[in-house]
Amino acid sequence: MGEKVQKIAVIPGDGTGPEVIREGLKVLGAVSKKYNFKYETKIFDFGGERYLKTGKTLDDSDIEELKKYSAIYLGAIGHPQVKPGILETGILLKLRFSLDQYINLRPVKLYNANFCPLKDKKPEDIDFIVVRENSEGLYKGMGEFQDKGTKDEVAIQISYNTRKGVERCLRYAFEYCRKRNRKKKLTLCGKTNVLTYAWDLWQRTFNEVAKEYPDITTDYAHVDATTMWFVKNPEWFDVIVTDNMFGDIITDLGAMIQGGMGIAAGGNINPQGVSMFEPIGGSAPKYTGKNVINPLAAICALGMMLENSGEIKAGKAVEDAVIKIVQTKLKSLAAGKMGYTTTEVGDLVVANI
Ligand code: IPM
Ligand code: MN
């Protein structure tokens with residue numbers, strides 16, 4: 001990379017989003033100097049406040065504008081005065097779908113055993129990554145009401161899975177597992193025993209693609225059992241691939257075993273297009289404006305963004321600095337309990353770059 005200027009679209013968004021993004025940009029400034037790469041940022045005001053003022057979520061022209069960037073750095077979307085669903089579908093899911101960010105990548109990595117709610121689990125026991133399909137399944141929004149409002153009402157919500165959509169996700173997961181080069185084990189997390197259409201397609205495609213990756217050990221776990229193993233034997237996992245809904249659920253549990261939402265980051269990846277990186281914790285309205293929220297999830301998301309755009313060393317440096325302060329400085333990863341303010345945690349990361 002080096003000479004190529006990274007053009008980053010920044011969407012601080014709602015609640016504590018702007019506070020954590022501010023710290024992330026501070027770290028970006030420091031790491032770009034150290035590793036000598038150039039970048040530009042442009043701030044976009046998409047979010048709840050703008051929606052309340054203008055009634056707008058995200059227009060198609062906004063999407064076209066965002067396509068001009070190398071990556072998107074997102075804080076949080078969600079506003080207490082806006083009815084649930086409007087901003088989520090109108091902004092977050094619209095971004096993911098319109099930019100065809102078909103992979104949601106969520107590392108689950110414990111940096112300090114003291115912050116793990118599981119007894120006797122150490123950092124080496126919790127180090128896996130979830131590859132969540134991010135464009136289909138139950139999130140597709142397909143379905144209908146029948147006889148709405150009557151006592152015979154039926155609500156139908158369809159899980160939509162295409163061979164192409166499933167296959168591209170599985171291929172990404174196999175490739176990722178190979179590149180990661182750890183246990184080289186890929187676990188398909190599904191529900192073949194009940195959801196016999198969707199998971200039949202997933203399982204068949206998984207088995208077929210697996211033939212092209214003889215170096216990868218494959219495994220299967222039902223989603224309910226997966227949540228059990230996350231608690232009992234998280235060390236069994238290396239890379240997990242699953243659909244949109246199951247991925248949403250298991251990665252919240254994953255965030256808890258790695259120390260909480262304060263540290264959990266994710267990337268919405270379009271390998272051929274514009275990807276978007278975000279802390280996964282949401283807008284945390286009750287902590288807004290207090291300078292107490294943990295910015296590390298946003299800073300880890302920044303690290304993922306750098307790695308994804310080819311600034312591997314810079315991304316690694318960000319992660320290493322986070323590990324350092326999580327192991328030596330922070331009292332807790334929870335908002336208000338870190339022993340430092342949001343700003344101070346950002347400063348500590350910068351000091352360790
Ligand atoms: C997440 C969030 C979103 C999702 C919501 C806010 C739409 O929970 O990123 O996991 O369900 O994907
Ligand atoms: Mn979620």
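If you're wondering where the values come from, they're calculated on a predicted model, not measured in any experiment. (Residues numbered from 1 in each chain as written. Chains lettered and ligands numbered in written order. Predicted model: local features only at pLDDT ≥ 70, side-chain atom pairs only at ≥ 80, totals over all residues. Heavy atoms only, no water.)

Q: Sorry, what's going on with the side chain of Asn104 here?
A: Here Asn104 shows up in strand β4 (residues 103-109). Of note is the side chain of Asn104, whose polar atom sits 3.4 Å from the side chain of Asn134. In this structure the side chain of Asn104 is engaged in a polar contact, spanning 3.1 Å, whose partner is the side chain of Asn268. (Helix = DSSP H or I, 4+ residues; strand = E, 2+ residues; numbered from the N terminus. Polar contact = N/O pair within 3.5 Å; in protein donor to acceptor, adjacent residues only side chain to side chain.)

Q: Explanation requested: the sheet that holds strand β12 (residues 275-279) in the structure shown.
A: Think of a sheet as strands paired side by side through backbone hydrogen bonds, with each pair either parallel or antiparallel. Taken in spatial order, the 10 strands make up an open sheet running β2-β1-β3-β12-β11-β4-β5-β10-β8-β9, and their pairing is mixed. Of all strands in the sheet, those with a lone pairing partner are β2 (39-43) and β9 (217-222), marking the two edges. Strand after strand, the sheet turns through a mean of 20° between neighbouring axes, direction not considered. Taken together, the four bridges between strand β8 (residues 185-190) and strand β10 (residues 239-242) define a ladder with parallel strand orientation. When the sheet's bridge partners are listed, Leu188 is paired in β10 with Val241. Packed onto the sheet, helix α7 (residues 223-232) meets β5 (127-133), β8, β9 and β10 and runs at close to 105° relative to β9. Here helix α8 (residues 244-257) sits on the sheet in contact with β4, β5, β8 and β10, set at roughly 155° to β5. (Pairing = 2+ DSSP bridges. Axes fitted to C-alpha atoms, helices over the stretch in contact; angles between N-to-C directions. Contact = heavy atoms within 4.5 Å.)

Q: How should I be thinking about unusual backbone geometry in this particular structure?
A: Note on backbone geometry: most residues besides glycine have negative phi, and most peptide bonds are trans. Although it is not a glycine, Asn36 sits at a positive phi angle of roughly 60°. Assignment of secondary structure puts Asn36 in the loop between α1 (17-35) and β2. When its relative accessible area of 64% is taken as the criterion, Asn36 is described as exposed. A positive phi angle, close to 50°, is found at Asp100, a residue other than glycine. (Buried < 20%, exposed > 50% of the residue type's maximum accessible area, 1.4 Å probe, protein only.)

Q: Would you take a moment to explain the pairing of β9 for this structure?
A: A regular strand places its side chains on the two faces of the sheet in alternate fashion. The pairing of β8 with β9 spans six bridges and is classified as parallel. Pairing of Cys189 across the sheet is with Ala221, part of β9. Between the parallel pair β8 and β9, the chain is carried across by helix α6 (residues 198-210), and the sense of this crossover is right-handed. (Right-handed = clockwise from strand over helix to strand, strands pointing away.)

Q: Any chance you could explain α6 here in plain terms?
A: In an α-helix, one turn spans 3.6 residues, which is why side chains three or four residues apart end up on the same side. Taking 1.5 Å of rise per residue, the 13 residues of α6 would be expected to cover 18 Å, and the 18 Å separating its terminal C-alpha atoms lies within 8% of that figure. Among all positions in α6, only Ala198, Trp199, Leu201, Trp202, Thr205, Phe206, Val209 and Ala210 are buried. Buried residues of α6, viewed axially, fall in a sector of 155°; they line one side. (Expected span 1.5 Å × (residues − 1). Arc of directions from axis to C-beta.)

Q: Quick question: what am I supposed to make of the domain arrangement of the chain here?
A: In many reports, interface size means the accessible area that the parts give up when they come together. By the assigned domains, the chain splits into domain 1 (1-105 + 269-353) and domain 2 (127-257). On a C-alpha basis, the centroid separation for the pair domain 1 and domain 2 is 25 Å. Contacts between the two partners involve 12 residues from domain 1, matched on the other side by 14 residues from domain 2. Between domain 1 and domain 2, a total of about 1,300 Å² is buried, with carbon and sulfur atoms accounting for 60% of that surface. (Domains from an automatic or database assignment. Buried area = accessible area lost by both parts, 1.4 Å probe.)

Q: I tried to follow the site of ligand 1 on my own but got confused; where do I start?
A: Lining the immediate surroundings of ligand 1 are Glu88, Leu92, Arg96, Arg106, Arg132, Tyr139 and Asp248. In the model, an oxygen atom of ligand 1 is placed 2.8 Å from a nitrogen or oxygen of the Arg106 side chain. Measuring from an oxygen atom of ligand 1, one finds a side-chain N or O atom of Asp248 at 2.8 Å. About the coverage of ligand 1: the protein hides 75% of its 320 Å² of free accessible area. When each cavity is represented as a set of grid points, ligand 1 is found to reside in the second largest pocket. Counting residues per element, the shell around ligand 1 draws most heavily on helix α4 (residues 86-98), which supplies three residues. Its residues assigned to classes, the shell around ligand 1 comprises two nonpolar, no polar and five charged. (Near = heavy atom within 4 Å. Areas by Shrake-Rupley, 256 points an atom, 1.4 Å probe, with all protein chains shown as cover. 1 Å grid on protein atoms, 1.4 Å probe; cavity = no way out; pocket = protein on both sides within 12 Å on 5 of 7 lines; lining within 4 Å. Sits in = over half its atoms within 2 Å of the grid points. Nonpolar A, V, L, I, M, F, W, Y, C, P; charged D, E, K, R; others polar.)

Q: Explain the nonpolar core here, please?
A: Nonpolar side chains in soluble globular proteins generally cluster together in the buried interior. Of all hydrophobic cores here, the largest spans 83 residues; its most connected members are Val31, Leu105, Phe128, Val131, Leu186, Val241 and Leu296. Among the elements that line this core, the one with the most residues is helix α9 (residues 296-308), at nine residues. Residues from two domains meet in this core; each of domain 1 (1-105 + 269-353) and domain 2 (127-257) gives at least three. The contact partners of Leu186, leaving out residues within four places of it in the chain, are Ala173, Phe174, Cys177, Phe206, Ile216, Thr217, Thr218, Asp219, Val239, Ile240 and Val241. (Core = buried A, V, L, I, M, F, W, Y, C linked by side-chain atoms within 4.5 Å.)

Q: Sorry, what's going on with the layout of surface pockets here?
A: One water molecule sets the probe size; rolling that probe over the atoms shows where empty space is left. If you add up the space inside the largest pocket, you get close to 820 Å³. If you go around the largest pocket, you meet 29 residues; those closest to its centre are Pro107, Ile129, Tyr176, Glu307 and Glu319. Per-class residue counts for the lining of the largest pocket are 16 nonpolar, four polar and nine charged. Here the second largest pocket defines a volume of roughly 400 Å³. Lining the second largest pocket we find 21 residues, and of these Ile77, Glu88, Leu92, Ile280 and Gly282 sit closest to its centre. (Points joined across faces, edges and corners; volume = space filled by probe spheres on them.)

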